[in-house]
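Listed below are the residues making up each chain.
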Amino acid sequence: MILLRLPLGIYAANCYIVGCPETKKACVIDPGGEHDKIVEALKEYDLTCESIVLTHGHMDHIGGLAGLAEKTGAQILIHEEDADMLKDPRINLSGSMGGDAISITANRLLKDNDRIDFGNLRLKVIHTPGHTPGSICLKINEHLFAGDTLFQRSVGRTDLAGGNQNALVQSIKKKLYKLPEDTVVYPGHGPDTTIGFEKKGNMVIRA
């Protein structure tokens, strides 16, 4: 598996490129800005982006979405409960966070346990509401792309529209902390961690 991390946009949100080495097909997770850098990375590894998957609908994770979709022709995927957020600049915060107003309609709406196939790879959708109603994590083998649900020693904020602290706690304890402890967590901001480390060392939610 080809895995690239690109901190992008004014908030340096982690964008991930996941590629199949055999077929050269790829998906991009959370293009937070600077879509040209994503396109350059895809070209460098000779990858074709088939899907753009959003862990949630906030501006710092979708800032490069329009440009990337235009350049690649890839399908846009988001959980069904964040679909309206993607369309509304007031809710996705693009109208108030220093960027252009963003209003985009997704091509595919996701649900819990959905699969996203590209080449010989498959992502599993884990619905983890709390940061937003439609926040998701994406699992492939021992890798978990956690968006703004779980960070190293921290968790996503819940004081924005649609946030729910109790839902976030339940998502992490009942879904993420049930995963194997050696699962590597790739968060939406900051460095990687593991499920085992967070169960013992997270400053907000421990197992």
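Treat the numbers as computed from the prediction; the structure is a model and nothing was measured.

Student: Hey, could you run me through the overall build of the protein in this one?
Tutor: Helix and strand content of the protein: seven helices and 14 strands. Taken against the 2.2 N^0.38 rule, which gives 17 Å for 207 residues, the C-alpha radius of gyration of the protein at 16 Å falls within 12% of a compact globule. Classification of the 207 residues of the protein by burial places 54% in the buried group. When the accessible surface of the protein is summed, it comes to about 9,000 Å², and 46% of that surface belongs to carbon and sulfur atoms. In the protein, 23 side chains carry a positive charge and 26 a negative one; their mean positions are 7 Å apart.

Student: Is there a simple way to think about the packing of helix α1 (residues 35-44) against helix α3 (residues 65-72) in this case?
Tutor: If you want to describe how two helices pack, look at the angle between their axes and the distance between the axes. In the contact formed by α1 and α3, the axes pass within 8 Å of each other and the chain directions differ by 40°. Taken as a pair, α1 and α3 cross one another with a handedness that is right-handed. On α3, the residues that touch H35, I38, V39 and L42 of α1 are G67, L68, K71 and T72. Looking at the contact of α1 with α3 residue by residue, the classes come out as four nonpolar, three polar and one charged.

Student: Help me understand the sheet that holds strand β5 (residues 75-79), please; the structure alone is not making it clear to me.
Tutor: Either a parallel or an antiparallel arrangement is found when strands of a sheet pair, and the pairing is made through backbone hydrogen bonds. If you trace the six strands from one edge of the open sheet to the other, you get β1-β2-β3-β4-β5-β6, paired in mixed fashion. Sheet topology places β1 (2-8) and β6 (108-110) at the edges, where each strand pairs with a single neighbour. On average, each strand axis in the sheet is inclined to that of its neighbour by 25°, with strand direction left out of account. The strands touched by α3 within the sheet are β3 (25-29), β4 (48-53) and β5, with β4 carrying the most contacts at an inclination of about 150°.

Student: Before we go on, may I ask you to explain the sheet that holds strand β7 (residues 115-118) in this structure?
Tutor: Read across the open sheet, the six strands follow the order β7-β8-β9-β10-β13-β14; overall the sheet is mixed. On the outer flanks of this sheet lie β7 and β14 (193-194), each paired with one strand and no other. Across two bridges, strand β13 (residues 184-187) lies against β14 in antiparallel orientation. Residue pairing across strands places V184 opposite T194, the latter belonging to β14.

Student: I tried to follow the state of the cysteines on my own but got confused; where do I start?
Tutor: Between two cysteines, a covalent bond joining their sulfur atoms is known as a disulfide. Considering all chains together, one arrives at zero disulfides under this definition. Its sulfur unpaired, C15 is 8.9 Å from the next cysteine sulfur, which belongs to C49. Its sulfur unpaired, C20 is 11 Å from the next cysteine sulfur, which belongs to C27.

Student: What should I look at first to understand the layout of surface pockets in this one?
Tutor: A water-sized probe, rolled over the atoms, reveals where empty space remains. Counted as a void, the largest pocket has a volume near 280 Å³. Across the lining of the largest pocket, the residue classes tally to nine nonpolar, ten polar and three charged.

Student: Just to check I follow, could you spell out the pattern of salt bridges for this structure?
Tutor: Here the idea is simple: oppositely charged side chains can pair when their charged atoms come close. Tallying each qualifying case throughout the model produces seven salt bridges. Between D112 and K175 there is a salt bridge, with its nearest N and O atoms 3.7 Å apart. Highlighted residues: D112 in the loop between β6 and β7 and K175 in helix α6 (residues 165-176), separated in sequence by 63 residues. Taking the relative accessible area as the measure of exposure, D112 reaches 32% and is therefore partly exposed. Residue K175 is classed as partly exposed on the basis of its relative accessible area of 31%.

Thresholds applied
- Throughout, a residue's number is its position along its own chain's written sequence, starting from 1.
- Thresholds applied to this predicted model are a pLDDT of at least 70 for local features of residues and 80 or more for the giving and counting of side-chain atom pairs; totals over whole chains, interfaces and linings are not thresholded and use all residues.
- The side-chain numbers reported here are obtained from all heavy atoms of the structure, hydrogens and water having been left aside.
- In DSSP terms, a helix is any run of H or I states spanning at least four residues, a strand is any run of E spanning at least two, and both are numbered starting from the N terminus.
- In this treatment the radius of gyration is a C-alpha quantity, and the globule benchmark scales as 2.2 Å times the residue count to the 0.38 power.
- Exposure categories follow from relative accessible area, calculated using a 1.4 Å probe and restricted to protein chains: below 20% of the type maximum is buried, above 50% is exposed, and the middle band is partly exposed.
- Only the protein chains shown count as cover for residues, and all accessible areas are computed by the Shrake-Rupley method using a 1.4 Å probe.
- In this count, Lys and Arg are taken as positive residues and Asp and Glu as negative ones, while His and the chain termini are left out.
- Charge positions are represented by NZ for Lys, CZ for Arg, CG for Asp and CD for Glu.
- Lines fitted to the C-alpha atoms define the axes, with helices restricted to the stretch that makes contact. Angles between their N-to-C directions range from 0 to 180 degrees.
- Here a crossing is called left-handed whenever its near helix is offset anticlockwise from the far helix by less than a right angle, and right-handed whenever the offset is clockwise.
- Here, two residues are considered to be in contact whenever any of their heavy atoms come within 4.5 Å of each other.
- Residues are grouped as follows: Ala, Val, Leu, Ile, Met, Phe, Trp, Tyr, Cys and Pro are nonpolar; Asp, Glu, Lys and Arg are charged; every other residue, Gly included, is polar.
- Should DSSP find at least two bridges between two strands, the strands are regarded as paired.
- What counts as a disulfide here is a pair of cysteine sulfur atoms lying within 2.5 Å.
- A cavity here means a set of 1 Å grid points, computed over protein atoms only, where a 1.4 Å probe fits but cannot escape. A pocket is an open set with protein on both sides within 12 Å along at least 5 of 7 lines, and lining residues have an atom within 4 Å of a point.
- Grid points are joined across faces, edges and corners, and a volume is the space filled by probe spheres set on the points.
- Throughout this description, the term salt bridge denotes a Lys or Arg side-chain nitrogen within 4 Å of a carboxyl oxygen of Asp or Glu.

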